[in-house]
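# Remarks on the overall topology
So you can see what is in the structure, the chains are spelled out below.
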Amino acid sequence: MELKYFCSSSVSASEVIHAERTYSTLLSSFKHKVGVRFSTQFKCRRGLFLRTYASDNTYLADKAVSSVGSDNLAAETSPYYVNGINGSGLSLFSTNLRVLDAFDDEYGGVVIDPDRLSAKPSVFAPMLRFSLSHWKKMGKKGIWLKLPLEQSDLVPIAVKEGFQYHHAEPGYVMLTYWIPEGPCMLPANASHQVGVGGFVINDNNEVLVVQEKHCSPATLGLWKIPTGFILEAEEIYTGAVREVKEETGVDTEFIEVIAFRHAHNVAFEKSDLFFICMLRPLSSRIIVDEHEIEAAKWMPLVEFVKQPLIQEDSMFKKIIDIFIARLGKRYCGLATHQIVSKFDGKPSSLYYNVIDNEDISCVGN
């Protein structure tokens, strides 16, 4: 036997009385098995709700459950359902709901606490739905939901409720939900990847160059400067020094950024910023990274410039021209300076041009 939802506004009074008598009889026998007594009171929020009492007459249902924040107290009355399968028995289920643990961001939005999410989809789904309803009433805007890899089975539930993918990292996926009508004002995912290249030249006018193991057919056989991507929270200048060390084993010192390239739709529709850095060698012995690099060597600058692939490519050729101009003190790049801003109180790297020596004239044309 199953008790189905109904509303007294949609049924006759005689049907309500009949149902009340029927369920009173069922619950009267049921209370002896579980030690709980019931009040056969009908509520018309969503159907037939049953209030429960413990053996000491303590009222169990309709208790408020608080969420984070003094202005976020919210709960939904706990309906208790009596269900049976083919009349074989009765069971009791509680659906007490509360707002998910979260904290407000500075833009009128909400960041859900990923460490306090239920791992059970059957619990998470109604709580998420109820929380969204509550935050809408509170006038919240953007909702951020970070789901760890071990809770990836909650992703389809969030998507079904209207969440959208924002970005993913190896250990989690971030989803967002925009409540107000109109365009979403949440910041988009990162639009750029950042790469660096290290131009290293020694006192013998030799350039440190590599041949990569994995390269496109267009650059097959090309001797090029060491390059790579900046790591998370890594400076441009430290990234350039690190990449040269990893690929060749040569220690270097950052001097300047001599140029940077901005390109679009490079990888997975992302844009690309590539910084060419001039570095001073502090060692000369080469130790090749066997995972990435096929070969590495010190190559005379003249031979490096004469490579057909460099001569035929306007981008490569222009970078070489800038580098040679810098060696001839006819051009100055951008040095890094650590500056603390009052806006966030944190040190930042500002790259700009400073003339320290009178014999250097910078022509940045």
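The protein has the name Nudix hydrolase domain-containing protein in an unreviewed UniProt entry, where Crotalaria pallida is given as its organism. Per UniProt, the comment on the protein under Sequence similarities (unreviewed entry) is "Belongs to the Nudix hydrolase family."

Scanning the protein from terminus to terminus reveals seven helices and 19 strands. Going through the 365 residues of the protein one by one, you find that 38% of them count as buried. Taking all contacts inside the protein whose residues are at least 6 apart in sequence as the whole, residues at least 24 apart take part in 58%. Of the roughly 21800 Å² of accessible surface on the protein, 54% is carried by carbon and sulfur atoms.

Our focus in this paragraph is helix H2 (residues 121-137). Across its 17 residues, H2 extends 24 Å between first and last C-alpha, which sits within 8% of the 24 Å expected from 1.5 Å per residue. Those residues of H2 that sit buried are Phe124, Ala125, Met127, Leu128, Phe130, Ser131, Leu132, His134 and Trp135. Two residues or fewer past H2, Gly139 is found with a positive phi of approximately 80°.

So, on to the side chain of Glu243. Note on placement: Glu243 falls in helix H4 (residues 236-248). Classification of Glu243 by relative accessible area gives buried; the value is 8%. Residue contacts for Glu243: discarding those within four places in its chain leaves Val196, Thr227, Gly228 and Phe229.

Turning our eyes to something else, we now look at the sheet that holds strand S12 (residues 192-200). Judged by pairing direction, the sheet is mixed, and its four strands sit side by side in the order S14-S12-S16-S15 without closing on themselves. One side of each edge strand has no neighbouring strand; the edge strands of this open sheet are strand S14 (227-229) and strand S15 (252-267). The average angle at which neighbouring strand axes cross in this sheet is 25°, direction not considered. Those strands touched by helix H7 (residues 314-327) are S12, S15 and strand S16 (270-281), and its axis lies near 160° from that of S15.

The next point concerns the pairing of S16. Counting buried positions along S16 gives nine out of twelve residues, so the element sits mostly inside the fold. In the sheet, S12 pairs with S16 via nine bridges, with the strands oriented parallel. By the bridge assignment, Val200 is partnered in S16 with Leu279. Judged from the eleven bridges that link them, S15 and S16 form a sheet pairing that is antiparallel. Paired with Thr252 across the bridge in S16 is Pro281. Here S15 folds back onto S16, and the loop between the two strands holds two residues, one of which, Phe268, carries a positive phi near 50°.

Right, let's get into the nonpolar core. Side chains of a nonpolar character, in soluble globular proteins, are inclined to be buried together. Counting residues in each nonpolar core, the largest one holds 26 residues, and the members touching the most others are Ile112, Trp135, Ile143 and Phe163. For this core, the elements supplying multiple residues, two or more each, are strand S8 (110-112), H2, strand S9 (142-148), helix H3 (155-160) and strand S11 (172-178). It is H2 that contributes the most residues to this core, seven residues altogether. In contact with Ile112, other than residues within four places in its own chain, are Leu100, Asp101, Ala102, Leu117, Leu128, Trp135, Ile143, Trp144 and Leu145. Counting residues in each nonpolar core, the second largest holds 24 residues, with Leu222, Met299, Ile319 and Ile322 among its members.

Here we take up the confidence of the model for the protein. Caution applies to low-pLDDT parts of the model: their predicted coordinates are not meant to be read in detail. For the protein, the mean per-residue pLDDT works out to 79, and 71% of the residues sit at or above 70. In this model residues 1-73 is a low-confidence stretch, pLDDT under 50, and it forms 106 contacts with partners more than four residues away in sequence or in other chains. Contacts of residues 76-94 to residues separated by more than four positions or lying in other chains number 48 contacts, the stretch itself having pLDDT below 50.

Scanning the model with the defined rule gives 13 salt bridges in all. Two residues, Lys140 and Asp104, come together in a salt bridge whose shortest N-O distance is 3.2 Å. With Lys140 in the loop between H2 and S9 and Asp104 in strand S7 (residues 102-104), this residue pair connects regions lying 36 residues apart in the sequence. The residue Glu234 makes a salt bridge to Arg242 at a minimum N-O spacing of 2.7 Å. Given a relative accessible area of 19%, Glu234 falls into the buried group. One network of salt bridges, with partners in common, ties together Glu234, Arg242, Glu243 and Glu246.

With that settled, the discussion passes to the side chain of Asp289. Along the chain, the position of Asp289 falls in the loop between S16 and strand S17 (293-300). In this structure Asp289 is buried but unpaired, with Lys213 as the nearest side chain of opposite charge at 7.6 Å. Filtering out sequence-adjacent residues up to four positions away, Asp289 remains in contact with Glu246 and Glu247.

With that out of the way, let us pick up the pairing of S12. As paired strands, S12 and S14 are joined by three bridges and run antiparallel to one another. What sits directly across from Gly195, in S14, is Phe229.

When you line up the elements, Ile324 lands in helix H7. If we skip the residues at most four places from it in the chain, Ile324 touches Leu301, Val305 and Arg330.

Take Arg285: it is sitting in the loop between S16 and S17. Between the C-alpha atoms of Arg285 and Gly249, which are 36 residues apart in sequence, the distance is 7.2 Å. Beyond its immediate stretch of four places on either side in the chain, Arg285 contacts Thr248, Gly249 and Val250.

What counts, and at which threshold
Residues numbered from 1 in each chain as written. Predicted model: local features only at pLDDT ≥ 70, side-chain atom pairs only at ≥ 80, totals over all residues. Heavy atoms only, no water. UniProt positions renumbered as here; feature names shortened; annotations may be inferred. Helix = DSSP H or I, 4+ residues; strand = E, 2+ residues; numbered from the N terminus. Buried < 20%, exposed > 50% of the residue type's maximum accessible area, 1.4 Å probe, protein only. Contact = heavy atoms within 4.5 Å. Areas by Shrake-Rupley, 256 points an atom, 1.4 Å probe, with all protein chains shown as cover. Expected span 1.5 Å × (residues − 1). Pairing = 2+ DSSP bridges. Axes fitted to C-alpha atoms, helices over the stretch in contact; angles between N-to-C directions. Core = buried A, V, L, I, M, F, W, Y, C linked by side-chain atoms within 4.5 Å. pLDDT = per-residue confidence, 0-100. Salt bridge = Lys/Arg side-chain N within 4 Å of Asp/Glu carboxyl O. Lys, Arg positive; Asp, Glu negative; His and termini not counted.

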